[in-house]
Every structure is written in structure tokens, then in C-alpha cells.
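Summary of structural features
Single-letter residue listing:
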Amino acid sequence: MPIEGLRAKLRQPYPQYGLEWWVLIAIAITLIGGVAASVAMSDWGWFARAGSAIVVVGIYVTWKDISGTVDFAQQFLRQMIEKEKAKIGPVKGGLLTAAKNQEIEQQIDTLGGQ
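A few words on the overall build of the chain. Helix and strand counts for the chain stand at 4 helices and 0 strands. Helices (α) and strands (β) of the chain occur, in sequence order from the N terminus, as α-α-α-α. Looking at the chain as a whole, 12% of its 114 residues qualify as buried. Considering only intrachain contacts with a sequence separation of at least 6, the fraction spanning at least 24 residues in the chain is 61%. A total of about 9000 Å² of accessible surface is found on the chain, and carbon and sulfur atoms cover 67% of it.

Here it is, written out as C-alpha cells:
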């Protein structure tokens, strides 16, 4: 994937695929339900519970958006690294070079969650 695709994905300030409309609808329904329950029960604790539900929805949406962006970026970086490795070919060197290469590969694997 070209770097322009990565830049375009990272530039978008809100979730993709129309998810933002579903989130806004869920928030509006939750707020209206919280106010209605609070007025009907004469207890504004229900409104606070509705606010907590909105926070949960926000955390979920943020997690989905961040995890999608991070996965996309990791795949992109892995592809770029593999292309560079193919250009360079097998690295010949001593013990220190091999140890450094192992350290770099471990860091890459740690970032990739493998």
C-alpha cells in the first residue's frame, strides 16, 4: 500500500464507514432515555447512568478507530521493512551484527503483537 493511503487514513478525524452516524444516534437515544427515566422516577441518578453508557460507547468507538489505524500502520511498516530487506539481501557480518538484527526483529515483533 502506498504511503498516501496511510496518510489519508491517519488524516480522517472521525471513524469510518458511516459509524459516526450510528454513534450519534446511540448517544441521542441514550440521553433522551436517561432524561425520560430521570423525570419519570424523579431520580437524576438515571441520567448519570445514561452518561456512563455514553462513555462506554465512546471508549468502544475510540478503541475501534485506534486499533484499525494501528493495524493498518503496522502492516504498512512491515511491508516496507520486507521490501528493504529484499533490496539489501542477506546481511553478512559478525556476532554483533547478528545480535543487533535479532534485537531489531524482536522490537518489530513486539510492536506487531506477535
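Inspection of every chain in the model, using the stated rule, returns 1 aromatic pair. Judged by centre distance (5.9 Å) and plane angle (80 degrees), the ring pair of Trp44 and Phe47 falls under edge-to-face. For Phe47, a relative accessible area of 33% gives the class partly exposed. Over the face of the ring belonging to Trp46 we find Arg49, whose NZ or CZ atom lies 4.7 Å from the ring centre.

Assignment of secondary structure puts Ser38 in helix α2 (residues 19-41). For Ser38, a relative accessible area of 1% gives the class buried. Leaving out residues up to four positions away in the same chain, Ser38 has contacts with Asp43, Trp44, Trp46 and Phe47.

This part covers a nonpolar patch on the surface. A contiguous nonpolar patch, built from Leu31, Val35, Val39, Trp44 and Phe47 and spanning about 450 Å² of accessible area, is present on the exposed surface. Within the fold, Phe47 resides in helix α3 (residues 45-88).

Quick look at the environment of Gly45 now. With respect to the helices, strands and loops of the structure, Gly45 is situated in helix α3. A residue is classified by how much of its surface remains accessible, and Gly45, at 24% relative accessible area, is partly exposed. For the pair Gly45 and Gly34, spaced 11 residues apart in sequence, the C-alpha separation works out to 8.8 Å.

Turning our eyes to something else, we now look at the environment of Ala50. Examined against the element boundaries, Ala50 turns out to sit in helix α3. What makes Ala50 buried here is its relative accessible area of 7%. Non-local contacts of Ala50, meaning those with residues more than four positions away in its chain, are made with Thr30 and Gly34.

Cut-offs and rules
- Residues numbered from 1 in each chain as written.
- Predicted model: local features only at pLDDT ≥ 70, side-chain atom pairs only at ≥ 80, totals over all residues.
- Heavy atoms only, no water.
- Helix = DSSP H or I, 4+ residues; strand = E, 2+ residues; numbered from the N terminus.
- Buried < 20%, exposed > 50% of the residue type's maximum accessible area, 1.4 Å probe, protein only.
- Contact = heavy atoms within 4.5 Å.
- Areas by Shrake-Rupley, 256 points an atom, 1.4 Å probe, with all protein chains shown as cover.
- Phe/Tyr/Trp six-rings, centres within 6.5 Å; stacked < 30°, edge-to-face > 60°.
- Lys NZ or Arg CZ within 6 Å of the ring centre and 35° of its normal.
- Patch = residues over 30% accessible without salt bridge, like charges linked within 9 Å, V, L, I, M, F, W, Y side chains within 5 Å.
- Salt bridge = Lys/Arg side-chain N within 4 Å of Asp/Glu carboxyl O.

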